[in-house]
Amino acid sequence: MTDQEINRAIQYVAASTSYDRETVASILKTGFGELEALATSTRRTFERGALMEYVCRWTMQRTGQPEPLVREILGGAGRWLDQMCDMVLGETPKEA
């Protein structure tokens, strides 16, 4: 996912919710970053629900934000998260 795509997701979610851009950016960058790391580093197969639960928990732990806020923000970025999930679920790690 490019920086431009991440910024679009941040703008969309910040405009769609009452949360400030900084909070939205922190949560989305953390969640997207972990999904990207999984896509490039693991051969394990995940179910989408389990993957999203993991990313939600990871993001809560990393950002210190409460679960309802994290779930709402990640949920607001649903189409971008779906793209990242597809990448994780369908891509194998890149060889170094």
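Now for a look at the structure at hand. (Residues numbered from 1 in each chain as written. Predicted model: local features only at pLDDT ≥ 70, side-chain atom pairs only at ≥ 80, totals over all residues. Heavy atoms only, no water.)

### Considerations on the overall build of the protein
A count of helices and strands for the protein gives five helices and zero strands. Going residue by residue from the N terminus, the α and β elements of the protein occur as α-α-α-α-α. Relative to the 2.2 N^0.38 estimate, which gives 12 Å for 96 residues, the radius of gyration of the protein is 13 Å and therefore close to what a compact globule would have. On the principal axes, the C-alpha backbone points of the protein span a range of 40 × 25 × 20 Å. Within the span of the protein, comprising 96 residues, buried residues form 39% of the whole. Put simply, of all contacts in the protein between residues at least 6 apart along the chain, 67% involve residues at least 24 apart. With the model as given, the accessible surface of the protein reaches about 5700 Å², and the carbon-plus-sulfur share is 46%. Of note, the protein has its 11 positive side-chain charges centred 1 Å away from the centre of its 14 negative side-chain charges. (Helix = DSSP H or I, 4+ residues; strand = E, 2+ residues; numbered from the N terminus. Rg over C-alpha atoms; globule rule 2.2 N^0.38 Å. Buried < 20%, exposed > 50% of the residue type's maximum accessible area, 1.4 Å probe, protein only. Contact = heavy atoms within 4.5 Å. Areas by Shrake-Rupley, 256 points an atom, 1.4 Å probe, with all protein chains shown as cover. Lys, Arg positive; Asp, Glu negative; His and termini not counted. Charge placed at Lys NZ, Arg CZ, Asp CG, Glu CD.)

### Looking at helix α3 (residues 48-63)
Because each turn of an α-helix spans 3.6 residues, side chains separated by three or four positions in sequence point in the same direction. For α3, built from 16 residues, the straight-helix expectation of 22 Å at 1.5 Å per residue is met to within 8% by its first-to-last C-alpha distance of 22 Å. The set of residues buried in α3 consists of Leu51, Met52, Val55, Cys56, Thr59 and Met60. Looking straight down α3, one finds its buried side chains confined to an arc of 165 degrees; they lie on one side. Count one or two residues on from α3 and you reach Gly64, which has phi positive near 75 degrees. (Expected span 1.5 Å × (residues − 1). Arc of directions from axis to C-beta.)

### Some details on the environment of Ala15
Structurally, Ala15 is set in helix α1 (residues 3-16). With a relative accessible area of 69%, Ala15 lands in the exposed category. In this structure the C-alpha to C-alpha distance between Ala15 and Gly49, which are 34 residues apart in sequence, comes to 26 Å.

### Remarks on the packing of aromatic side chains
A complete count under the given rule lists two aromatic pairs for this structure. Geometrically, the ring pair formed by Tyr12 and Trp80 is tilted, given 5.6 Å between the ring centres and 55 degrees between the ring planes. Pair noted here: Tyr12 is in helix α1 and Trp80 is in helix α5 (residues 78-90), with a separation of 68 residues, a long-range link. Looking at Trp80, the relative accessible area reads 5%, which means it is buried. (Phe/Tyr/Trp six-rings, centres within 6.5 Å; stacked < 30°, edge-to-face > 60°.)

### Observations concerning the packing of α3 against helix α4 (residues 67-76)
For any two helices packed against each other, one specifies the crossing angle of their axes together with the interaxial distance. Where α3 meets α4, the closest approach of the two axes is 10 Å, and the angle between their N-to-C directions is 125 degrees. The orientation of α3 relative to α4 falls into the category oblique. Considering the relative orientation of α3 and α4, their crossing is right-handed. Mapping the contact onto sequence places Glu53, Val55, Cys56, Arg57, Thr59, Met60 and Thr63 in α3 and Glu67, Val70, Arg71 and Leu74 in α4. (Axes fitted to C-alpha atoms, helices over the stretch in contact; angles between N-to-C directions. Parallel < 35°, antiparallel > 145°, perpendicular 65-115°, else oblique. Left-handed = near helix turned anticlockwise from the far one by under 90°.)

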